[in-house]
Amino acid sequence: MNLETKLLNRLKAEQQRFAVEALKRPQNRDAFEYGYRVGMVAGYEAAVDVLIKLIDEEHHGDNDI
């Protein structure tokens, strides 16, 4: 398993862990807490997207730049 696959798997696992934990133990049901939890899950997803783009650029991009 290469490094990129390990990083993607770790990010997705942490995202899932955070989401499951948030559902198991709901905190205060206010807008701030909801925004925090949604933002964290979205942040993990953004990190995954950036990593996928970087990997794609590395494998298929113009390496002369």
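Refer to the structure printed above.
Residues numbered from 1 in each chain as written. Predicted model: local features only at pLDDT ≥ 70, side-chain atom pairs only at ≥ 80, totals over all residues. Heavy atoms only, no water.

1. Some words on the overall build of the chain
In terms of regular secondary structure, the chain is built from 2 helices and 0 strands. Computed over C-alpha atoms, the radius of gyration of the chain comes to 16 Å, more than 25% over the 11 Å expected from 2.2 N^0.38 for 65 residues, which places it beyond the range of a compact globule. The buried share of the chain, reckoned over its 65 residues, is 14%. Carbon and sulfur atoms form 57% of the exposed surface of the chain, whose accessible area is close to 5,500 Å². Computed over 9 positive and 12 negative side-chain charges, the separation of the two mean positions in the chain equals 14 Å. (Helix = DSSP H or I, 4+ residues; strand = E, 2+ residues; numbered from the N terminus. Rg over C-alpha atoms; globule rule 2.2 N^0.38 Å. Buried < 20%, exposed > 50% of the residue type's maximum accessible area, 1.4 Å probe, protein only. Areas by Shrake-Rupley, 256 points an atom, 1.4 Å probe, with all protein chains shown as cover. Lys, Arg positive; Asp, Glu negative; His and termini not counted. Charge placed at Lys NZ, Arg CZ, Asp CG, Glu CD.)

2. Notes on the packing of helix α1 (residues 3-24) against helix α2 (residues 31-60)
Between α1 and α2, the least distance of the axes is 10 Å, while the angle of their chain directions is 170°. Compared by their axis directions, α1 and α2 come out roughly antiparallel. Contact residues: E4, L7, L8, L11, K12, E14, Q15, R17, F18, A19 and A22 in α1; Y36, R37, M40, V41, Y44, E45, A47, V48, L51, I52 and I55 in α2. The residue makeup of the contact of α1 with α2, split by class, is 15 nonpolar, 1 polar and 6 charged. (Axes fitted to C-alpha atoms, helices over the stretch in contact; angles between N-to-C directions. Parallel < 35°, antiparallel > 145°, perpendicular 65-115°, else oblique. Contact = heavy atoms within 4.5 Å. Nonpolar A, V, L, I, M, F, W, Y, C, P; charged D, E, K, R; others polar.)

3. A few points about the packing of aromatic side chains
Considering all chains together, one arrives at 1 aromatic pair under this definition. Ring geometry for F18 versus Y36: centroids 6.1 Å apart, planes at 75°, classification edge-to-face. A residue pair is termed long-range when its members are at least 10 positions apart, and F18 in helix α1 and Y36 in helix α2 qualify at 18 residues. Accessibility expressed as a relative area gives 10% for F18, which makes it buried. (Phe/Tyr/Trp six-rings, centres within 6.5 Å; stacked < 30°, edge-to-face > 60°.)

4. Re the pattern of salt bridges
Opposite charge on two side chains makes pairing possible when the charged atoms of those side chains draw close. Applying the stated rule across the entire model yields 3 salt bridges. For the salt bridge of R17 with E14, the shortest nitrogen-to-oxygen distance reads 3.1 Å. One end of the pair is R17 and the other is E14, both in helix α1 and 3 residues apart, which spans about a single turn. Take R17: its relative accessible area is 45%, and that puts it in the partly exposed class. Linking R37 and E33 is a salt bridge whose minimum nitrogen-to-oxygen distance equals 2.8 Å. In this pair, R37 and E33 both sit in helix α2, 4 residues apart, roughly one turn of the helix. (Salt bridge = Lys/Arg side-chain N within 4 Å of Asp/Glu carboxyl O.)

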